[in-house]
Amino acid sequence: MFRHVGDTNGGGDGNKDIAVRQVTVTPVRAHVGDTVRVDVVIENKAEGYETVPLEIIANRKVVARKLFTFGWTPAERIFRESFTWNTRGVSPGEYRVRTEAFVWGDSSPFDNFLEVKKVLFLSATGSPFPDGATSGGSATETDPRFVNRAHREGSVPAGEVGPAGGY
């Protein structure tokens, strides 16, 4: 494959526009030392390609990171990535979880992140949860623009909240 001399880190002159569309955190009640899984759905809305950092942030601190490549196949628009966060050594408390993908030159950077509204609660190892609940549960945040567009385009049967076949 040949690249244009002005091409740095992929992408060339192509329009780059990705969006974090959905984030799921499991469990949302855990003990310090447990592993938390974060599943992310990303949409490539343009023609550009690039490899960028994709980060999981808890209370403004990066807790997981990987490189994410998008755009090599024009037909591939929806990507799924999974992260694990080992909470060993983390202080007990409430954590806001956010996923962020930084793309230099993205035509709409406002949708390159998504924060889960429900907080992740970490209790000290062996301690009960304040509300008496057990560990577990999950929380999913979906970008409402993605859901609404899928409904407008008719790719979602009535009563469903995402594209046919899921995200």
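Parameters at a glance
Residues numbered from 1 in each chain as written. Predicted model: local features only at pLDDT ≥ 70, side-chain atom pairs only at ≥ 80, totals over all residues. Heavy atoms only, no water. Phe/Tyr/Trp six-rings, centres within 6.5 Å; stacked < 30°, edge-to-face > 60°. Lys NZ or Arg CZ within 6 Å of the ring centre and 35° of its normal. Helix = DSSP H or I, 4+ residues; strand = E, 2+ residues; numbered from the N terminus. Buried < 20%, exposed > 50% of the residue type's maximum accessible area, 1.4 Å probe, protein only. Polar contact = N/O pair within 3.5 Å; in protein donor to acceptor, adjacent residues only side chain to side chain. Salt bridge = Lys/Arg side-chain N within 4 Å of Asp/Glu carboxyl O. Pairing = 2+ DSSP bridges. Axes fitted to C-alpha atoms, helices over the stretch in contact; angles between N-to-C directions.

(A) Molecular detail of the packing of aromatic side chains. In this structure the tally under the stated criterion is five aromatic pairs. Within the aromatic cluster, the residues linked to one another by ring pairs are Phe68, Phe70 and Phe79. Across the ring face of Phe83, the terminal group of Lys66 is positioned such that the distance to the ring centre comes to 4.9 Å. A cation over a ring is seen here: Arg98 above Phe113, with NZ or CZ 4.0 Å from the ring centre.

(B) Structural view of the side chain of Lys16. Positionally, Lys16 belongs in the segment before strand S1 (18–26). Overall, Lys16 belongs to the buried group, its relative accessible area being 11%. Polar side-chain contacts of Lys16 include one of 2.8 Å to the side chain of Glu50.

(C) Local environment of the pattern of salt bridges. All chains considered together, the criterion is met by 11 salt bridges. Close ionic contact of Lys117 with Glu141 constitutes a salt bridge, the shortest N to O distance being 2.9 Å. In this pair, Lys117 sits in the loop between strand S9 (113–115) and strand S10 (120–123) while Glu141 sits in strand S11 (residues 139–142), placing the two residues 24 residues apart along the sequence. Classification of Lys117 by relative accessible area gives exposed; the value is 62%. Counted as one network, the salt bridges with shared partners bring together Arg21, Glu43, Asp143 and Arg145.

(D) The arrangement of the sheet that holds S10 in detail. Read from one edge of the open sheet, three strands run S2-S10-S7, paired in mixed fashion. Two strands close off the open sheet at either side, each with one partner strand: strand S2 (29–31) and strand S7 (93–95). With strand direction ignored, the average angle separating the axes of adjacent strands in the sheet is 30°. Examined bridge by bridge, S7 and S10 share three bridges and lie antiparallel to one another. Within S10, the position partnered with Glu94 by the bridge is Phe121.

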